[in-house]
Amino acid sequence: MKLYIIITLDIHPIGGMQLYTAGKAAFLEKNGWKVVVLYPGSNDKSCAVSSLNKYTAGGNLLLDHRPAQLSGRLQHAVLKKLCRLWRDINADQDLIYIESQSEVTALWGELLAEKLRARHVCFNCNELFRGPKKYYEENIEFFRFKYDRKELLGLHKDTLQKIFDGYMEVPCDDTFLFDAVEPGPIQDVRNEFVEDLAICDWNIAYVGRAEKGYVSNIIKGVADFAEKYSEKRIGFIMVGNAEERKEQIQEVLERCSNLNIELPGDMVPIPRDLYRKLDVVIAGAVCAEISAREGVPTIVADCENHWACGVLGYTTMNSMYHETGFEQSDFCEALEDTLIHKTYLKHVYAFPEAIPSDEIYESHFLFFEGASKRKVYYDVKKNPNVERLSQKEKILVYLKLWNPNCFFKLSGIKKRLCNGSKRAGCF
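Below is a short write-up of the structure.

The rules we used
- Residues numbered from 1 in each chain as written.
- Predicted model: local features only at pLDDT ≥ 70, side-chain atom pairs only at ≥ 80, totals over all residues.
- Heavy atoms only, no water.
- Axes fitted to C-alpha atoms, helices over the stretch in contact; angles between N-to-C directions.
- Helix = DSSP H or I, 4+ residues; strand = E, 2+ residues; numbered from the N terminus.
- Parallel < 35°, antiparallel > 145°, perpendicular 65-115°, else oblique.
- Left-handed = near helix turned anticlockwise from the far one by under 90°.
- Contact = heavy atoms within 4.5 Å.
- Nonpolar A, V, L, I, M, F, W, Y, C, P; charged D, E, K, R; others polar.
- Salt bridge = Lys/Arg side-chain N within 4 Å of Asp/Glu carboxyl O.
- Buried < 20%, exposed > 50% of the residue type's maximum accessible area, 1.4 Å probe, protein only.
- Phe/Tyr/Trp six-rings, centres within 6.5 Å; stacked < 30°, edge-to-face > 60°.
- Lys NZ or Arg CZ within 6 Å of the ring centre and 35° of its normal.
- Pairing = 2+ DSSP bridges.
- Right-handed = clockwise from strand over helix to strand, strands pointing away.

What follows covers the packing of helix H7 (residues 215-228) against helix H11 (residues 331-341). Two elements in contact, H7 and H11, have axes separated by 7 Å at closest approach and are oriented at 55 degrees. It follows from the interaxial angle that H7 and H11 lie oblique. Once H7 is placed against H11, the crossing between them reads as right-handed. The residues of H11 that touch H7, namely those facing Asn 217, Ile 218, Gly 221, Val 222, Asp 224, Phe 225 and Lys 228, are Phe 331, Cys 332, Leu 335, Glu 336, Leu 339 and Ile 340. Here the contact of H7 with H11 is composed, by residue class, of 8 nonpolar, 2 polar and 3 charged.

A few words now on the pattern of salt bridges. As enumerated under the stated definition, the model contains 23 salt bridges in all. The residue Lys 162 makes a salt bridge to Asp 158 at a minimum N-O spacing of 3.9 Å. Since its relative accessible area comes to 16%, Asp 158 is described here as buried. Arg 272 is the partner of Asp 188 in a salt bridge, and the nearest nitrogen-oxygen pair spans 3.1 Å.

For the rest of this paragraph, the subject is the packing of helix H3 (residues 103-116) against helix H4 (residues 140-148). As a packed pair, H3 and H4 sit with axes 11 Å apart at the nearest point and diverge in direction by 70 degrees. Judged by the inter-axis angle, H3 sits roughly perpendicular to H4. Handedness of the crossing formed by H3 with H4: left-handed. Facing H3, whose interface residues are Glu 103, Ala 106, Leu 107 and Glu 110, H4 presents Phe 142, Phe 143, Phe 145 and Lys 146. Taken together, the residues of the contact of H3 with H4 sort by class into 5 nonpolar, no polar and 3 charged.

Scanning the entire structure with this criterion turns up 28 aromatic pairs. Centroid distance Tyr 20 to Phe 178: 6.2 Å. Interplanar angle 50 degrees. Geometry classified as tilted. Remark: Phe 178 occurs in the loop between helix H5 (159-163) and strand E6 (186-187) and Tyr 20 occurs in helix H1 (residues 16-30); sequence separation between them is 158 residues. By the burial criterion, Tyr 20 is buried, and Phe 178 matches it. Between Trp 202 and Tyr 229, the ring centres sit 5.9 Å apart and the planes meet at 90 degrees, which makes this aromatic pair edge-to-face. Of this pair, Trp 202 sits in strand E7 (residues 202-207) while Tyr 229 sits in the loop between H7 and strand E8 (234-239), placing them 27 residues apart in sequence. With relative accessibility at 14%, the residue Tyr 229 sits in the buried group. Joined through ring pairs, the aromatic side chains of Tyr 4, Tyr 20, Phe 27, Trp 33, Tyr 97, Phe 123, Phe 178, Tyr 361, Phe 365, Phe 367 and Phe 368 make up one cluster. In this structure, Arg 66 packs its charged tip against the face of Tyr 135, placed 3.7 Å from the ring centre.

The next subject is the sheet that holds strand E5 (residues 152-153). Note on sheets: strands pair through backbone hydrogen bonds, and any given pair is parallel or antiparallel. Judged by pairing direction, the sheet is parallel, and its 5 strands sit side by side in the order E2-E1-E3-E4-E5 without closing on themselves. A single partner strand is all that each edge strand has here, and the edge strands are strand E2 (34-38) and E5. Sheet analysis places strand E1 (residues 2-7) next to E2, joined by 5 bridges and oriented parallel. By the bridge assignment for E2, Ile 6 is matched with Val 37.

Every second residue of strand E12 (residues 298-301) is oriented toward a common face, with Thr 298 and Val 300 on one face and Ile 299 and Ala 301 on the other, all of them buried. Judged from the 3 bridges that link them, strand E11 (residues 280-283) and E12 form a sheet pairing that is parallel. Its bridge partner being in E12, Val 281 is matched across the sheet by Thr 298. Handedness of the E11-helix H10 (residues 285-292)-E12 crossover: right-handed. Note: E12 against strand E13 (residues 308-311), 2 bridges, orientation antiparallel. Counterpart to Ala 301 in the pairing with E13 is Ala 308. Linking E12 to E13, which pair antiparallel, is a turn of 6 residues; within it His 306 sits at a positive phi near 70 degrees.

Next comes the structure, spelled out in structure tokens:
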């Protein structure tokens, strides 16, 4: 039997990682692999990408914690629970590949690979590697180990440089570059919202998750642009669940009387007709790439410093970060430059066409084949750099493992209390 285990983030919302996971899982199953998806989240069959509902048995809340935070007993309990998902596997005879997609999932991937004697490659889908809730620095020796074994990949040529920043120099090339392609995110489907969408003087869309760090700057930039051109009727559409930015939308955008705000929520797939009603898109990473390929000028949002980079395919070819030597701007200036001055048209569009997703998924096997053949694993069970859990956190960890429903109920109560209170200490 061939078993492919994907360890990713929560599969219930929609974003690049979820769409990539859904597409790759479908490809693997079509090609004779048994697929298991593990993630930190509930087991509810309510995924925004409906094809992921078949994998919700792999939800385990403790996958949000680094293994070294947990006792050996808890680590063993988590692994035992996960292994129940593939009881028919023979670790000595079957082909087992493990793909992890972030720093914490990579730690669990290594622990699981050691137990199953499997091959584990980290297909790192992260955009940021330092700051709150980022654990690359405390596990840098582990990532050095994976890099030396050719088992660490990135979405961009300089991803590994960013991971090892301040630790060691690594080449900036495409040796460890992979494409987290999303199959068919834009399709020719009928959509009532799109059909009823008003045509304004300018229709601006943000495509992506609202919790991205640059969204706050985008909202401010759109408001500033609307105020500067108050004689124009401007539509602003946020494609994706905007709940995370509801307060800012009310405080910043709704003050603009000439701004028509549309919040359609998640759109899976995105109707192609939507792009025919847009004058400009603001997005980052894959969302920028798919939008640019629809023929709409797409302003790239820098996922690192949260500024505007330029128009993808014209003034920049990087969908995630600004390119050295190129000037950045705020989003108001970027909108003005794109919609009014149209300076991007001084350049010829040169963004490459998309490669068929199945070809890309097939190429991912080359990374397993090119990695070290020796089955050696890093000991992630203990790490002196990892902060230990407090007594309160230990209680929550036990609830997550043995009574997740109780944990969700407690979390819901806490959230409701926090929403009505400005007191510190809410989680």
